[in-house]
Amino acid sequence: MRHWYTIERGGVAAAAETSTASGTHGPIEDFDVVVVGAGFAGMYLLHLLRGAGFSTVVLEAADDVGGTWYWNRYPGARCDVRSIDYSYSFDLDLEQEWVWSEKYATQPEILRYAQHVADRFGLRRDIRFETRVAGATYDEGAACWTVTTEAGARLHARFYVMATGCLSTSKKPEIEGVDAFEGPTYHTGHWPHEGVDFTGLRVGVIGTGSSGIQSIPLIAEQAQHLTVFQRTPNYSIPAANGPNDPDELAAIKANYPAYREVNRRSFGGVDIELPTRSALAASPDERAEAFERGWSQGGIFALSALYNDLRTDLEANSHVADFVRSKIRHVVDDPDVAEKLCPTDYPLGTKRMCVDSDYFETYNRDNVRLVDIREDPLVRLTPQGIETASELFEFDAMVFATGFDAMTGTIVAVDVAGRDGLTIKQKWSEGPRTYLGLMVEGFPNFFTVTGPGSPSVLSNMMVSIEQHAEWITDCLVHLRDNDLRSIEATRESEDEWVLHVNEVASMTLYPLANSWYMGANVPGKPRVFLPYVGGVGPYRDICDEVVEHGYKGFALA
Ligand code: FAD
Ligand code: NAP
């Protein structure tokens, strides 16, 4: 049976008939909006959309809220943006009442925060947990999406939003016999809820990105012996974590709205003064003093935001990269191990900077060994452990800290079919194409949150998530208020935006690294710089201007 919708001011009446035409799937339910994902993005969207009078359901594969912080429970997991910044700003009471215990909160504390928000705003009643979305198909005649779950349920909605996260599809190492190991194997992105006790075990870890760098020191403390398999060394800076200073917190909270506004208008979603000076204009002594200051201050932006050309000029960058290498050589006792840990073949900051607590110090422990798999490549996993070109390793447990099919992987994993049956996977076969990282030509009424082509993972994600959730909600209100039933990016605006995203990226050093920002960590994935490097403040202005000009670049019907 056909479905149809009437959109009315003050709330959508789902005038659709329910149907049993789907046979074993049961009746088809109707909503104004189906949101996929109950991480920070889906949670805030639900709060906003409900508040604006849209009937909304959130579908979530996990059995609770939290997204990233639900799944990534590995030892040492914590945020790398300060918690006073990495938290919602939309509710004044919430931000006043919640007290973060440390500068960089741990995963359990961030998950508790997500759960608290869900309770406080009664979100769970409109979230269906343990519900994985398998497909979504657009019916142009009805201007309606049919969303299908893996369990076979079907839902109709005028609008379909994927708040599915940029780092939510984990990837195993691409190695022969990846499932051959007979002992337990853990991926940092799917860590068991009950935790893992490595006491007395011989453990192998593959991967030295942020997840590896956070977990390796703690696994080393427990394990009888730890072997780390490193493909690419990373630039990492001490977090200088610790309890929050109550006076500093009080001062921020006294002025929180203004503080948040600075974040929204900033480059990376946190209040960092943009440098005006070139590293090349500074004397060696001045640079050394600035780098030392940054290093002891700690945190993800402490080095990369010191000079205005570190992201754009190789020579400038080489100074800060040299400084980090000197620190690694200073901390690590064995000169050979220290050299292996020094990144040399990409500029600092072009892969996500890592923030650590005693990462490099861990290699001074007697029970830790580093294997450089560029020198001694992985051959295969065996029932007992790992075979490299020159050695057989035996383990009791293994950890894959091997990252994610970032930004696009989770979206294309769902069979999203737009106009004329074109799938998002086909459309993005040579790299993602979006307008503003929000919408895609050929896919009306379909939104992505912090999608490719938006500042997203280059920013404090909370700021970017809130901006997208608010933009999308305002857009749906605009459509409703103007009796419009669909919105779609035009081909021209998408072309121009893709060009702009690429042009800005090519002015930086980012494309020089084999990073997940470039899709380089997934074999066969097109090499395209995925996020928008123009900064969250300028990007917000662009999005606002688009609205002020009557949703410029979008076709409204
Ligand atoms: P997610 O939190 O990823 O939530 C997406 C949800 O969608 C998940 O719960 C997933 O189960 C669900 N989902 C996906 N596909 C489907 C489907 N087909 N059907 C049903 N459900 C589906 N960012 C920062 O700014 N600062 C940090 O310090 C920081 N630290 C991080 C640490 C780790 C370990 C990781 C992995 C990421 C970190 N990030 C950080 C990025 C982080 O992902 C974002 O900050 C933010 O949590 C993303 O929220 P989200 O709601 O957009 O996506
Ligand atoms: P990642 O940065 O992609 O790191 C994955 C690691 O696994 C890399 O060292 C990679 O080597 C290695 N690897 C992947 N495939 C391999 C293979 N087939 N063989 C051998 N080695 C392989 O993933 P991540 O550490 O999970 O972090 C992803 C992102 O999540 C971060 O960049 C960050 O944005 C976010 N995050 C943040 C924090 C935080 O501090 N708050 C913590 C964790 C994650 P190559 O480098 O050679 O590819």
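Residues numbered from 1 in each chain as written. Chains lettered and ligands numbered in written order. Predicted model: local features only at pLDDT ≥ 70, side-chain atom pairs only at ≥ 80, totals over all residues. Heavy atoms only, no water.

**Q** When you look at the sheet that holds strand β15 (residues 378-381) in this model, what are you seeing that I'm missing?
**A** Note: strands within a sheet are paired through backbone hydrogen bonds, in either parallel or antiparallel orientation. In space, the three strands of this open sheet follow the order β15-β16-β17, with antiparallel pairing throughout. Sheet topology places β15 and β17 (392-394) at the edges, where each strand pairs with a single neighbour. Across the sheet, the mean angle separating the axes of adjacent strands is 20° when strand polarity is ignored. Relative to strand β16 (residues 385-388), β15 runs antiparallel, the two being bridged by three bridges. Residue Leu378 lies in a different strand from β16, and its bridge partner there is Thr388. (Pairing = 2+ DSSP bridges. Helix = DSSP H or I, 4+ residues; strand = E, 2+ residues; numbered from the N terminus. Axes fitted to C-alpha atoms, helices over the stretch in contact; angles between N-to-C directions.)

**Q** What am I meant to see in the pattern of salt bridges here?
**A** In total, this model carries 36 salt bridges according to the counting rule given. Here Glu174 makes a salt bridge to Lys171, at a shortest N to O gap of 2.8 Å. Residue classification places Glu174 among the partly exposed positions, given a relative accessible area of 44%. A relative accessible area of 10% places Lys171 in the buried class. Ionic contacts of the salt-bridge type, sharing partners, join the residues Lys427, Arg433, Glu441, Arg491, Glu494 and Asp495 into one network. (Salt bridge = Lys/Arg side-chain N within 4 Å of Asp/Glu carboxyl O. Buried < 20%, exposed > 50% of the residue type's maximum accessible area, 1.4 Å probe, protein only.)

**Q** Sorry if this is basic, but what is going on with the side chain of Ser266 here?
**A** Looking at the element boundaries, Ser266 is found in the loop between α7 (256-265) and α8 (284-297). Judged by its relative accessible area of 9%, Ser266 is buried. From its side chain, Ser266 meets the backbone oxygen of Asn263 in a polar contact 2.6 Å long. (Polar contact = N/O pair within 3.5 Å; in protein donor to acceptor, adjacent residues only side chain to side chain.)

**Q** Got a minute to help me understand the site of ligand 2 in this structure?
**A** Near ligand 2 there are 25 residues, and of these Glu174, Ser211, Arg231, Thr232 and Lys351 occur at the shortest range. Side-chain polar atom of Ser211 to an oxygen atom of ligand 2: 2.7 Å apart, as the coordinates give it. Thr232 places a side-chain nitrogen or oxygen 2.4 Å from an oxygen atom of ligand 2. For ligand 2, whose free accessible area comes to 910 Å², the fraction covered by protein is 90%. If one sorts the elements of the shell around ligand 2 by residue count, helix α5 (residues 210-222) sits on top with three residues. When its residues are assigned to classes, the shell around ligand 2 shows nine nonpolar, nine polar and seven charged. (Near = heavy atom within 4 Å. Areas by Shrake-Rupley, 256 points an atom, 1.4 Å probe, with all protein chains shown as cover. Nonpolar A, V, L, I, M, F, W, Y, C, P; charged D, E, K, R; others polar.)

**Q** Explain the pairing of β16 here, please?
**A** Put simply, side chains in a regular strand alternate between the two faces of the sheet. Counting the residues between successive antiparallel strands, the hairpin from β15 to β16 contains three residues. Where β16 lies against β17, three bridges are found, and the strand directions are antiparallel. The residue bridging Ile386 from the neighbouring strand is Phe393, located in β17. Between the end of β16 and the start of β17, which pair antiparallel, lie three residues.

**Q** Would you mind going over the confidence of the model for the chain with me for this structure?
**A** Caution applies to low-pLDDT parts of the model: their predicted coordinates are not meant to be read in detail. Residues at a pLDDT of 70 or more form 96% of the chain, whose mean pLDDT is 94. Counting interchain partners and residues more than four positions distant, the pLDDT-below-50 stretch residues 1-24 has 50 contacts. (pLDDT = per-residue confidence, 0-100. Contact = heavy atoms within 4.5 Å.)

**Q** Sorry, what's going on with the sheet that holds strand β14 (residues 368-372) here?
**A** Reading across from one edge, β9-β18-β10-β11-β14 is the order of the five strands in this open sheet, with parallel pairing throughout. Bordering the open sheet on either side are β9 (185-187) and β14, each of which pairs with just one other strand. Taking each pair of neighbouring strands and ignoring which way they run, the sheet shows an average axis angle of 20°. Here strand β10 (residues 202-206) pairs with strand β18 (residues 397-400) via four bridges, running parallel.

**Q** What is the right way to read the environment of Tyr532 from this model?
**A** Considering the arrangement of structural elements, one finds Tyr532 in the loop between α14 (491-506) and α15 (536-548). Its relative accessible area of 4% is what places Tyr532 among the buried residues. Between the alpha carbons of Tyr532 and Asp63 there is a distance of 32 Å; along the sequence they are 469 residues apart. Setting aside its immediate chain neighbours within four residues, Tyr532 contacts Gly453, Ser454, Pro455, Leu458, Trp497, His500, Val501, Val504, Tyr539 and Ile542.

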